[in-house]
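Remarks on the overall topology
Here are the chains, one letter per residue:
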Amino acid sequence: MPALHQQFTATVRDLGADGSGIVEHPDGQVFFVAGVWPGETARFAVTGFKQRFGFARMLELLEPSPARITPRCAHHGTGREDCGGCPWQFVSYEAQLEAKEERVRQALSRLQHPAEIAPIQGSPDVFGYRNRAQFKTDGRKLGYVAASSRQLAPIADCPILTPGNRATLQELLHSLPNKALRPGRNKDWTTLDIDEGIGAAEVVPNRRRPFRQGNSAQNLRMREWLAARVSELDPDRTVLELFSGSGNFTEVLVQAGFARIVAVEGVEDSVQELAARKLPGVAARRYNLFAEADCARLQEQARDASILVLDPPREGFRLAGLLLTKKHRLRDVFYISCDPATCARDLEIFTGAGFRVAGIQPLDLFPHTPHVELLCWLRLPPGKGE
């Protein structure tokens, strides 16, 4: 095994799930390195190990990728004082989209009945798109967190934010230093959540804002994708919607004419917000979708549902199988995922129960990051499950 701080030269062979480059030491040890791209050759230094893998940092770039560009943000980088929020800002957007498509293909290749994957839909805006953010502050400095650390990386600007949020950031910066924003005992920092619905004066320290998809233009595309597909279905059918939040996709279902929708969310504030909207035909319910007992109770309550819509967090919906009892009536599943690996795992639960993938649409919600959204439609063939 290579020694700590040992230097070696290698060519980046691939990308990891977190967007880091994968290189191989001459003795065969695999290392993950931030800030490099496939095909690049560089000199590296070993920085640490974890289980079977190692970590390294680039010392000198010897052969850059043709896709490498100059980052637009002054805070981009891989050091302890650099923001870790946009790790791919050093490569062209075209190369980013190609890498995301490849990641999706690799993740879904293990499906028993692989479906045709549509070309990825890139973001109309690669800067100025982010409609929400969470800053960290110690009362003197404000910023994000350096990659793979607990280190506060101060910022003076953030070009991925929408103009309104960018203005809010400047107001918050101008309010510093602020003793009221010092972190509490045993806390590294105070969090400040913003979105386009509030200004700097309305920010409440350490209070999360209601969840919303972070790219408004791409969220509209996601809603349009769902609307186009449910328009082919009978609106008299009952819909079970999981991880409904405060109604982003619930609203699409209502507009499509569905009059029986059970919308389920685990966060009480979101359930109350959805209920307060009084969308026709929507019953907002709170269940812990990561608890077996709650999912079992939910299956009984939603036994008449034949359409399932779900938009889980990054960890996916591991308990999906609890809804697929012998008496289930589900025939169409619309799975909206933000992680290809957990999506592939969960799709196997449905395909194992007889569902076939009718279509998969990748979409880039967060340019300059390795994250990719998947819009999946699964259908149970006639005669199955009856």
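Scroll up to find the structure.
The rules behind each value
- Residues numbered from 1 in each chain as written.
- Predicted model: local features only at pLDDT ≥ 70, side-chain atom pairs only at ≥ 80, totals over all residues.
- Heavy atoms only, no water.
- Salt bridge = Lys/Arg side-chain N within 4 Å of Asp/Glu carboxyl O.
- Helix = DSSP H or I, 4+ residues; strand = E, 2+ residues; numbered from the N terminus.
- Buried < 20%, exposed > 50% of the residue type's maximum accessible area, 1.4 Å probe, protein only.
- Pairing = 2+ DSSP bridges.
- Polar contact = N/O pair within 3.5 Å; in protein donor to acceptor, adjacent residues only side chain to side chain.
- Contact = heavy atoms within 4.5 Å.
- Patch = residues over 30% accessible without salt bridge, like charges linked within 9 Å, V, L, I, M, F, W, Y side chains within 5 Å.
- Areas by Shrake-Rupley, 256 points an atom, 1.4 Å probe, with all protein chains shown as cover.
- Axes fitted to C-alpha atoms, helices over the stretch in contact; angles between N-to-C directions.
- Arc of directions from axis to C-beta.

Considering all chains together, one arrives at 20 salt bridges under this definition. Its salt-bridge partner being Glu 40, residue Arg 68 comes within 2.7 Å of it at the nearest N-O pair. One end of the pair, Arg 68, is in the loop between strand 6 (53-63) and helix 1 (93-108); the other, Glu 40, is in the loop between strand 4 (30-33) and strand 5 (41-50), with 28 residues separating them in the sequence. Of the residues examined, Arg 68 reaches a relative accessible area of 24% and is grouped as partly exposed. For Arg 379, the salt bridge goes to Asp 332, with nearest N and O atoms at 2.6 Å. Within this pair, whereas Arg 379 is found in strand 17 (residues 373-379), its partner Asp 332 is found in strand 15 (residues 332-337), the two being separated by 47 residues in sequence.

The subject of this paragraph is the pairing of strand 8 (residues 142-145). Where strand 7 (residues 132-137) and strand 8 come together, 2 bridges link them in antiparallel fashion. Across the sheet, Thr 137 pairs through a bridge with Leu 142, a residue of strand 8. Two successive antiparallel strands, strand 7 and strand 8, enclose a turn made up of 4 residues, where Gly 139 displays a positive phi of approximately 95°. What sits between strand 8 and strand 9 (residues 152-154) in their antiparallel hairpin is a turn of 6 residues, with Ser 148 showing a positive phi close to 55°.

Tracing the sequence through the fold places Asp 339 in the loop between strand 15 and helix 7 (340-352). A distance of 2.9 Å separates a polar side-chain atom of Asp 339 from the backbone nitrogen of Thr 342. Excluding anything up to four places from it in sequence, Asp 339 contacts Arg 103, Arg 314 and Val 372.

Among the surface-exposed residues, Met 1, Leu 4 and Phe 49 lie close enough to one another that they form a single nonpolar patch of about 330 Å² accessible area. Residue placement: Phe 49 occurs in strand 5.

Here 4 strands make up an open sheet; going across it, the order is 9-8-7-10 and the pairing antiparallel. Among the strands making up the open sheet, the edge pair consists of strand 9 and strand 10 (190-195). Averaged over neighbouring strand pairs, the angle between their axes works out to 50° when direction is ignored. Direction of pairing for strand 7 relative to strand 10: antiparallel, over a ladder of 6 bridges. By the bridge assignment for strand 10, Lys 136 is matched with Thr 191. Contacting strand 7, strand 8 and strand 10, helix 2 (residues 163-174) crosses the sheet at an angle of about 150° to strand 10.

Okay, the pairing of strand 10 next. Within strand 10, 6 of the 6 residues are buried, which leaves it mostly tucked inside the rest of the structure. Neither face of strand 10 is left uncovered, since the one carrying Thr 190, Leu 192 and Ile 194 and the one carrying Thr 191, Asp 193 and Asp 195 both have all their residues buried.

Turning our eyes to something else, we now look at helix 6 (residues 292-301). Residues of helix 6 that are buried: Asp 294, Cys 295, Leu 298 and Gln 299. Within helix 6, the buried residues cover an arc of 140° as seen down the axis, which keeps them to one side. In helix 6, the exposed positions that point more than 90 degrees away from the buried face belong to Glu 292 and Ala 293. The inward-facing, buried residues of helix 6 abut strand 11 (238-242) and strand 12 (261-265).

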